[in-house]
Amino acid sequence: MNKVLMIEDDEILNGGLCYNLQKRDIVSVPAYTLAEAEKLLAEDSFDLIVLDVNLPDGDGFQFAKDRIAPCGMPFLFLTARDLDDEIIGGYRLGADDYITKPFRVQIVMEKIQAVLRRCSGRRERLRYSFGDLAVDFEKRTVRKNGTLLTLTPTEFALLQCLIQNRGHILTKEVLLEHIWDSKGNFVNEHTLSLNISRLRRKINDGESDYIKTIYGMGYRWVDEER
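As the structure is a prediction and not an experimental result, all values here were calculated from the model. (Residues numbered from 1 in each chain as written. Predicted model: local features only at pLDDT ≥ 70, side-chain atom pairs only at ≥ 80, totals over all residues. Heavy atoms only, no water.)

Glancing now at the side chain of Gln 160. Assignment of secondary structure puts Gln 160 in helix H6 (residues 153–164). Overall, Gln 160 belongs to the buried group, its relative accessible area being 9%. (Helix = DSSP H or I, 4+ residues; strand = E, 2+ residues; numbered from the N terminus. Buried < 20%, exposed > 50% of the residue type's maximum accessible area, 1.4 Å probe, protein only.)

Below you can see the structure in the form of structure tokens.
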């Protein structure tokens, strides 16, 4: 059964949308602030996130950019912000749809179900497991032999980039660009090498070195050689 997180501060509207989703056998969970949404995302998994842009404790566009889009979770905006630049910006953030208020509930329900159908296979790509290693990209957790590992944001970004491009050689330039701090903080090759070394020590299980160095070129994720 699909599960939707509804981030909307208007309690009546939120309740009405959740009620209509439940009538269609879609589990719906309400959140009225970004803080509540963050807590729910840390505790549970969702097939789709519906969010307003104007919320009491922050901006939905920024939340989508910082929290939702990097994890590959399907999401759509449901907002009164209807300027062309805002709609285009929403799609550029990766939104699967952009619905402006006022709207007809029936149409919103159809759009939500269409996104759920279209993204039905995406959830599998949000998880990875091989041997003793299990990664949940949505929850940003990594387990080895069932034990939760503690990774820094940079280490997790490297891990995700390597796994999602497994089998391909990633040059140092590509990895540096991928982990470049969103605030513009500089990351050099020495820092990259240190993070690769720390990541290796944390995830290696004694049978396989998942991160293979291709000398003179870069790194490659290897999970077929046991």
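Next comes the rest of the account.
Right, let's talk about the pairing of strand S2 (residues 27–31) for a bit. For strand S1 (residues 3–7) and S2, the ladder comprises five bridges, and the chain directions are parallel. Across the sheet, residue Leu 5 finds its bridge partner in S2, namely Val 29. For the handedness criterion, the β-α-β arrangement of S1, helix H1 (residues 11–23) and S2 is classed as right-handed. (Pairing = 2+ DSSP bridges. Right-handed = clockwise from strand over helix to strand, strands pointing away.)

Counting residues in each nonpolar core, the largest one holds 26 residues, and the members touching the most others are Val 135, Val 142, Leu 159, Ile 203, Ile 211 and Trp 221. Those elements that place two or more of their residues in this core are strand S9 (133–136), H6, helix H7 (172–179), helix H8 (189–203) and strand S14 (218–221). With seven residues, the top contributor of residues to this core is H6. Sequence-distant contacts of Val 135, defined by excluding residues within four places in its chain, comprise Leu 126, Arg 127, Tyr 128, Thr 141, Val 142, Phe 156, Leu 159 and Ile 163. Counting 23 residues, the second-largest nonpolar core is a separate cluster that includes Leu 41, Ile 49, Ala 64 and Phe 75. (Core = buried A, V, L, I, M, F, W, Y, C linked by side-chain atoms within 4.5 Å. Contact = heavy atoms within 4.5 Å.)

Moving on to helix H5 (residues 105–118). Look at H5: 20 Å from first C-alpha to last across 14 residues, which is about the 20 Å you get at 1.5 Å a residue. Taken as a whole, H5 has its buried residues at Val 108, Met 109, Ile 112, Val 115 and Leu 116. Along the axis of H5, the buried residues cluster in a sector spanning 130 degrees; they form a single face. Along H5, exposed side chains directed more than 90 degrees from the buried face belong to Arg 117 and Arg 118. Summarising the contacts, the buried residues of H5 are in contact with S1, H1, strand S3 (48–51), strand S6 (75–79) and strand S7 (97–100). (Expected span 1.5 Å × (residues − 1). Arc of directions from axis to C-beta.)

That is the geometry; function is a separate question.
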